[in-house]
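As a plain string of letters, each chain reads:
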Amino acid sequence: MFSLRAVSKQFANGTRALDDISADIKAGEFVALLGPSGCGKSTLLRLLAGLEAPSAGHIEWDAGKQPGPGDVGFVFQDATLLPWADAAENVYLPLRLRSRRRAEVAGLIETTLAQVGLAEFAGARPKELSGGMKMRVSIARALVSNPLLLLMDEPFAALDEFTRHRLQEDLHRLWRETGKTIIFVTHSIYEAAFLASRILVLSPRPGRIAADIRTAVPEGPDRREGADYIALVHQVTETFRQVMPA
Amino acid sequence: MNRLLERLAPFVFGLLALGLWQGTVWALAVPVYVVPGPIAIFDAYLSDYSVLNPALLSTLTVTFTALLAATILGVFLAVAMAASSLFRAAIQPWAVILQVTPVVAIAPLIIIWVNQPFVALVVCATIVAFFPILSNTAAGLAATPTELLDLFRLNGATRWQILFLLRLPSALPNFLTGLRVSGTLALVGAVVAEFVAGSGGFASGLAYRIIEASYRLEIPRMFAALVLLGISGIVIYAALGLLEHFLLRKRDTA
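Residues numbered from 1 in each chain as written. Chains lettered and ligands numbered in written order. Predicted model: local features only at pLDDT ≥ 70, side-chain atom pairs only at ≥ 80, totals over all residues.

Take the overall build of chain B next. Scanning chain B from N- to C-terminus turns up nine helices and zero strands. In chain B, the succession of α and β elements from N to C terminus is α-α-α-α-α-α-α-α-α. Seen through its principal axes, chain B has C-alpha atoms that stretch 75 × 60 × 25 Å. A sequence separation of at least 24 residues applies to 76% of the contacts in chain B between residues at least 6 apart. (Helix = DSSP H or I, 4+ residues; strand = E, 2+ residues; numbered from the N terminus. Contact = placed C-beta atoms within 7 Å.)

What follows is the structure, given as structure tokens:
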């Protein structure tokens, strides 16, 4: 899909957020960017979205994969819905910005809302939705333009544990069904181990890749409890023990 | 029961105060040209409403024209300031200077410069009223969530789409807060301008009737005009509050 070639990011105030990041990401991978707060993982996401440019190095997109407007779906830590618009209008937004007529895409909006389990809530305003439901609308908004790449910045961090588990399961299923390339920023080892097919562990500031782990946790209802999952959590925890300053 | 009591409380208090006022005026036999009681004021209104009502209408016409002008001017300047930091730097200090200069001080100048009296009154009231709309709308435009701005850019939104689909709707609550303050300020501005114009011989509005009544020592009539102004202020404030409630009722405040 794309390759990071010695990407570094230094902000104008001198803070070095990322240092010499290199990785090849294949289409269809679910990559968790895992690291402590302030390791530059969100910055890396913004570089991929094209919202900021690297100070050194570059991102090389595979032929035909260079994203244009609407090719990147972005989900933020907060749902950031338009508070005056209902769920369907919020999902319609990315299409509206590209001048698609509402009538033309009504079916698409409906199926996308159904995909995140909100078929019944098309007319509900953010005020009437719970935190988890708002996040589902936010995910539907990111999916509706059928993006090449889905970028998610700690989307479940502000939700309660039960809601988070449900959304993690639904997102993992969504990924298996659609085969989307997903880059998911998190600071939770358990979340990364459950969701991802590959975990990039970042060291504290400036962020460097401390480990690149391909996971092999079997799918199934006990994905969260099996021996492979526990072993993976141990492996990642051990990596952190080595890179975190005492 | 408690809620009903709370609803009624201001009216009961008002009636009690009026009764106490009337009682004191009777008991101490205060002459009406010093302090008229509520009954004398009401009588004055009944005998003079053919003069007072058109005066009220004239003041309210100035007020609402000025509020409309202040809304257009305030929103336009706020949008221009949000779009260009150079424009903001150039305009902001002058807007503040205009705001801190008492309108009583500049009203005579404006009344001399603008020889159409109605327009002169509207200009004065607009100067008083536009600043809260400008500053609140500008604050609202500047507080647009950065994530949503990023989202719009990721989807290739144009400047106009960002303005009309994101920035302006985001700033609506702030704008309405400003509008509520400006509504009452427009009335204040209209009355102040009428005072200045009235002392120059231009007869219009309730303020002129107040000056006229004070010259003639018709104190009950003066009070009647004051009461009309007070009621107008409350009605404007409450109506704009209702508008705010109606427009924002479905919105997430978080």
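Continuing now.
This brings us to unusual backbone geometry. Most peptide bonds take the trans configuration, and most residues that are not glycine carry a negative phi. If you check the backbone angles, A:Asp20 has positive phi at about 55 degrees while not being a glycine. Relative to the helices and strands, A:Asp20 is located in strand 2 (residues 16-25). For B:Ala29, which is not glycine, the phi dihedral falls at a positive 50 degrees. In this structure, B:Ala29 sits in the loop between helix 1 (2-28) and helix 2 (38-83).

Look at helix 2 of chain B: only 54 Å from first C-alpha to last across 46 residues, short of the 68 Å you get at 1.5 Å a residue. A bend of about 85 degrees at B:Asp48 is the largest found in helix 2 of chain B. (Expected span 1.5 Å × (residues − 1). Bend = angle between axes of the 7 residues up to and from the residue.)

A word on the sheet that holds strand 1 (residues 2-10) of chain A. Residue and element names in this part refer to chain A. Read from one edge of the open sheet, three strands run 2-1-4, paired in antiparallel fashion. At either margin of the open sheet sits one strand with a lone partner, and together these are strand 2 and strand 4 (56-61). On average, adjacent strands in this sheet sit at an angle of 15 degrees to one another, irrespective of strand direction. Where strand 1 meets strand 4, five bridges bridge the pair, whose relative direction is antiparallel. Considered in strand 4, the bridge of Ser-3 is made with Glu-60. Its contacts with the sheet put helix 1 (residues 41-49) on strand 1, strand 2 and strand 4, and the angle it makes with strand 2 is roughly 60 degrees. (Pairing = 2+ DSSP bridges. Axes fitted to C-alpha atoms, helices over the stretch in contact; angles between N-to-C directions.)

Once that is clear, we can look at the packing of helix 2 (residues 87-97) of chain A against helix 4 (residues 131-143) of chain A. Residues and elements named next belong to chain A. The N-to-C vectors of helix 2 and helix 4 enclose an angle of 30 degrees; their axes lie 7 Å apart at closest approach. Here helix 4 runs roughly parallel to helix 2, going by the angle between their axes. For the pair helix 2 and helix 4, the sense of crossing is right-handed. Touching Ala-87, Asn-90, Val-91, Leu-93 and Pro-94 of helix 2 are Val-137, Ala-140 and Arg-141, all from helix 4. Looking at the contact of helix 2 with helix 4, its residues break down into six nonpolar, one polar and one charged. (Parallel < 35°, antiparallel > 145°, perpendicular 65-115°, else oblique. Left-handed = near helix turned anticlockwise from the far one by under 90°. Nonpolar A, V, L, I, M, F, W, Y, C, P; charged D, E, K, R; others polar.)

Further remarks concern the domain arrangement of chain A. Residues and elements named next belong to chain A. What the domain assignment lists for chain A is domain 1 (2-67 + 148-243) and domain 2 (81-147). The gap between the C-alpha centroids of domain 1 and domain 2 is 25 Å. Facing the eleven residues of domain 1 at the interface are seven residues of domain 2. When contributions to the side of domain 1 that touches domain 2 are tallied by element, the ones reaching two or more residues are strand 6 (149-153) and helix 5 (161-178). With five residues, the single largest contributor to the side of domain 1 that touches domain 2 is helix 5. (Domains from an automatic or database assignment.)

In this section: the nonpolar core. In this structure, A:Leu33, A:Leu34, A:Leu151 and A:Phe184 are the most contacted members of the largest nonpolar core, which totals 73 residues. Of all the elements, helix 2 of chain A adds the most residues to this core, at seven residues. Beyond its immediate stretch of four places on either side in the chain, A:Leu34 contacts A:Thr186, A:Ile189, A:Ala192, A:Ile199, A:Leu200, A:Val201, A:Leu202 and A:Val236. Grouped together as the second largest cluster of nonpolar side chains are 54 residues, B:Val62, B:Ala70, B:Cys124 and B:Leu228 included. (Core = buried A, V, L, I, M, F, W, Y, C linked by C-beta atoms within 7 Å. Buried ≥ 20, exposed ≤ 12 C-beta atoms within 10 Å, placed from the backbone.)

Summarising the model, chain B shows a mean pLDDT of 91, and 96% of its residues fall at 70 or more. Scoring of the predicted complex yields 0.86 for pTM and 0.89 for ipTM. (pLDDT = per-residue confidence, 0-100.)

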